[in-house]
Amino acid sequence: MNKSTLALAISLGVIAQQAGAAGFIEDSKANLGLRNFYFDRNDKDTANSNSEASEWGQGFIFNYQSGFTEGTVGVGVDVIGLAGIKLDSGGDSSIPRSRAPGALFPQESDGSAVDSYGKAGATLKLRLSKTEARIGTLQPKLPVVNINDGRLLPQLFEGGQVTSNEIDNLTLTVGQLEHTKTRSSSDSIGLRIGVPNNTPFADSNKFYFAGGDYKLSKDLTAQYYYGNLKDFYKQHFLGLVHNLALPAGSLKTDLRYFDSSSDGKNGSVAGRAEGYSSNGYYAGSASPGEVDNRTWSALFTYSLSGHSLGLGYQQVSGDSAFPFLSQGDGATAYLITDRQINKFLSAGERTWLAEYGYDFASLGVPGLKASVAYLSGTDIDAAQSDRKEWERDFRVDYTLQDGALKGLGFSWRNASFRSNASTSQDENRLIVSYSIPLL
């Protein structure tokens, strides 16, 4: 029995005994999220006959969150259920296909997309004073581990986590993850980092994390987090976020630093040969595939009357690429350069970025927002010569503010990526979303 099943069984027992407990039922919330997602990607400068990937699907995201039972230790349960239905995918049935399945659905043995898929999870939660423990399905959003929600259905993790707010202005978090269900899969799999194509890869079932956020003042927050994927890497994170009110507008400063090194089998040649390896460039190094990375970044965002202008820089140092949990089916790295298509995290890469956004509420159109960003990465370490790449993102979002369909959201996300280090791409995402409250 996995932890999610055990958590659900225990929680149902508690419900049966304390169904009338004050708070458990009264504070319960439930909603059904609807997400209609069209995805289209075109690969450039490639002879691959399946260079166009196009899919369309309907997603259903059910969330139930109970309150807590009375008593010294409050008990509750959260349940999530996810389902995706294919509306169109993969073009005709010939091989090669005129359009390849994209990234919304799992694939059949012949490479075609499945007609539907689903996944679910349950979380037992315990509360004592201002400390909460969660066991089962988790959706962490921390600097050292962050779920991916960039497709039809979000990613899920399995494990345990404790969050404490016992000390004023300090939030402490500690936990362990064992498996994940990636955004386009219903299978529970082990954890690893991205590795080069056509090389062995191995999994780990232990990712430890701990850290905290401390508000030094109402405008200044300091962060420290530690992450350890057993037999892959150890990672320290330092962050500082500051908001400064100016006579005209405000300035937000976001500073981040990661220091990552090898752990366990990744530190030995034999272990890396087994698949406990990392991407990177190791010219002249006796340790190819070993995690060796320092990444720092700074992002400054100025806001005034609906306008926001951001300027940032990121530098990757060391032999390896930036390491993060990635199972090859889409993952999120806590970097200012993690964008629609690319992440700009290769060994040696230096990236400048500029972005502009506007909230049309300032012009009397609440709910309408638009943004554009441009990133340029250079000095990517490679055998041929230093490589380079760039990405341009454009996004428009609109949410209905009133009426019978209040909350109905529309989003168009367009991106172009060009690189002499990897495949260039153009991509569009069209998303319609709506949430129906059930409790």
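Residues numbered from 1 in each chain as written. Predicted model: local features only at pLDDT ≥ 70, side-chain atom pairs only at ≥ 80, totals over all residues. Heavy atoms only, no water.

Colleague: Can you walk me through the overall build of the chain in this structure?
Modeller: When helices and strands are counted, the chain shows 2 helices and 20 strands. Looking at the chain alone, contacts between residues at least 24 apart form 61% of all its contacts between residues at least 6 apart. Here the chain has roughly 20300 Å² of accessible surface; of this, 55% comes from carbon and sulfur atoms. (Helix = DSSP H or I, 4+ residues; strand = E, 2+ residues; numbered from the N terminus. Contact = heavy atoms within 4.5 Å. Areas by Shrake-Rupley, 256 points an atom, 1.4 Å probe, with all protein chains shown as cover.)

Colleague: Explanation requested: the side chain of arginine 339 in the structure shown.
Modeller: When you line up the elements, arginine 339 lands in the loop between strand 15 (307–317) and strand 16 (350–359). Within the structure, arginine 339 has its side chain in polar contact with the backbone oxygen of isoleucine 336 (distance 2.9 Å). There is a polar contact of 2.8 Å between the side chain of arginine 339 and the side chain of glutamate 355. If we skip the residues at most four places from it in the chain, arginine 339 touches Leu353, Glu355, Ala373, Leu375, Glu391 and Asp393. (Polar contact = N/O pair within 3.5 Å; in protein donor to acceptor, adjacent residues only side chain to side chain.)

Colleague: Which parts of the structure should I look at to understand the pattern of salt bridges?
Modeller: If the charged atoms of two oppositely charged side chains come close together, the side chains can form a pair. Counted by the stated rule, this structure contains 18 salt bridges. Among the ionic pairs, aspartate 254 bridges to arginine 256, the shortest N-O distance being 2.8 Å. Between glutamate 427 and arginine 429 there is a salt bridge, with its nearest N and O atoms 2.6 Å apart. Exposure class is identical for glutamate 427 and arginine 429. Each is buried. Counted as one network, the salt bridges with shared partners bring together Asp78, Lys125, Glu132 and Arg134. (Salt bridge = Lys/Arg side-chain N within 4 Å of Asp/Glu carboxyl O. Buried < 20%, exposed > 50% of the residue type's maximum accessible area, 1.4 Å probe, protein only.)

Colleague: I keep staring at a nonpolar patch on the surface and nothing clicks. Help me out?
Modeller: A cluster of nonpolar side chains, contributed by Leu244, Leu246, Tyr302, Leu304, Leu309, Tyr356 and Val372, occupies part of the molecular surface with about 530 Å² of accessible area. Within the secondary structure layout, leucine 309 lies in strand 15. On the basis of relative accessible area, leucine 309 is assigned to the partly exposed category, the value being 45%. (Patch = residues over 30% accessible without salt bridge, like charges linked within 9 Å, V, L, I, M, F, W, Y side chains within 5 Å.)

Colleague: Help me understand the packing of aromatic side chains in this model?
Modeller: Any two aromatic rings considered together are summarised by their centre-to-centre distance and by the angle between their planes. For the structure shown, the criterion picks out 13 aromatic pairs. Where phenylalanine 258 meets phenylalanine 322, the ring centres are 4.9 Å apart and the plane angle is 75°; that geometry is what we call edge-to-face. One end of the pair, phenylalanine 258, is in strand 13 (residues 250–262); the other, phenylalanine 322, is in the loop between strand 15 and strand 16, with 64 residues separating them in the sequence. Relative accessible area serves as the criterion here: at 1%, phenylalanine 258 is assigned to the buried category. Here phenylalanine 322 falls in the buried class, since its relative accessible area comes to 4%. Through successive ring pairs, a cluster of aromatic residues spans Phe237, Phe258, Phe322, Phe324 and Tyr334. Positioned above the aromatic ring of phenylalanine 68, the side-chain terminus of lysine 125 is 5.1 Å from the ring centre. (Phe/Tyr/Trp six-rings, centres within 6.5 Å; stacked < 30°, edge-to-face > 60°. Lys NZ or Arg CZ within 6 Å of the ring centre and 35° of its normal.)

Colleague: Mind showing me how you'd approach the nonpolar core here?
Modeller: Side chains of nonpolar character tend, in soluble globular proteins, to be buried together. Ranked by size, the top nonpolar core spans 29 residues in total, and within it Val145, Leu177, Phe207, Leu229, Tyr233 and Leu325 carry the most contacts. Of all the elements in the fold, those that place two or more residues in this core are strand 10 (207–217), strand 11 (220–229) and strand 12 (233–245). Beyond its immediate stretch of four places on either side in the chain, leucine 229 contacts Leu191, Arg192, Ile193, Ser204, Lys206, Phe207, Asp263 and Leu325. (Core = buried A, V, L, I, M, F, W, Y, C linked by side-chain atoms within 4.5 Å.)

Colleague: Help me understand the pairing of strand 10, please; the structure alone is not making it clear to me.
Modeller: Residues in a regular strand point their side chains to alternate faces of the sheet. Sheet topology places strand 9 (residues 170–181) next to strand 10; 8 bridges connect them, and they run antiparallel. Its bridge partner being in strand 10, glycine 175 is matched across the sheet by phenylalanine 209. Inspection of the sheet shows strand 10 paired to strand 11 by 10 bridges, in the antiparallel sense. The residue bridging serine 217 from the neighbouring strand is leucine 220, located in strand 11. Count of turn residues in the strand 10/strand 11 antiparallel hairpin: 2 residues. (Pairing = 2+ DSSP bridges.)

Colleague: What's the story with the environment of arginine 387 in this structure? I'm lost.
Modeller: Relative to the assigned elements, arginine 387 resides in strand 18 (residues 387–399). Each C-alpha atom of the pair arginine 387 and serine 346 lies 9.8 Å from the other, and the pair is 41 residues apart in sequence. Among all residues touching arginine 387, those that are not within four sequence positions of it are Thr378, Asp379, Ile380, Ala382, Asn420 and Ala421. Among the polar contacts made by the side chain of arginine 387, one reaches the side chain of serine 385 at a distance of 2.8 Å.

Colleague: Just checking my understanding: could you explain the pairing of strand 11 for this structure?
Modeller: Where strand 11 lies against strand 12, 10 bridges are found, and the strand directions are antiparallel. Each residue of the ladder has a partner; that of alanine 222, found in strand 12, is leucine 240. Here strand 11 hands over to strand 12 after 3 residues, with aspartate 231 in that stretch at a positive phi of 70°.

Colleague: Please clarify how the environment of phenylalanine 410 should be interpreted in this entry.
Modeller: Locating phenylalanine 410 in the fold gives a position in strand 19 (residues 409–419). Sequence separation of phenylalanine 410 and arginine 35 is 375 residues, and the distance between their C-alpha atoms is 10.0 Å. In this view, phenylalanine 410 contacts Val396, Asp397, Tyr398, Ile431 and Val432; residues no more than four positions away in its chain are not counted.

Colleague: Explain the side chain of glutamate 389 to me, please; I cannot follow it from the model alone.
Modeller: Its place among the elements puts glutamate 389 in strand 18. Buried charge without a partner: glutamate 389 forms no salt bridge, and the closest opposite charge is arginine 387, 9.5 Å away. Contact partners of glutamate 389, with chain neighbours within four places excluded, come to Asn342, Phe344, Glu349, Leu375, Ser376, Gly377, Ile380, Phe417, Arg418, Ser419 and Ser422. (Lys, Arg positive; Asp, Glu negative; His and termini not counted.)

Colleague: Any chance you could explain unusual backbone geometry here in plain terms?
Modeller: Leave glycine aside and you will find that most residues have negative phi; peptide bonds, for their part, are mostly trans. For serine 305, which is not glycine, the phi torsion reads 50° and is therefore positive. Note on placement: serine 305 falls in the loop between strand 14 (292–304) and strand 15. Since its relative accessible area comes to 55%, serine 305 is described here as exposed. Even without a glycine there, the phi angle at phenylalanine 344 is positive, about 55°. Within the secondary structure, phenylalanine 344 is located in the loop between strand 15 and strand 16.

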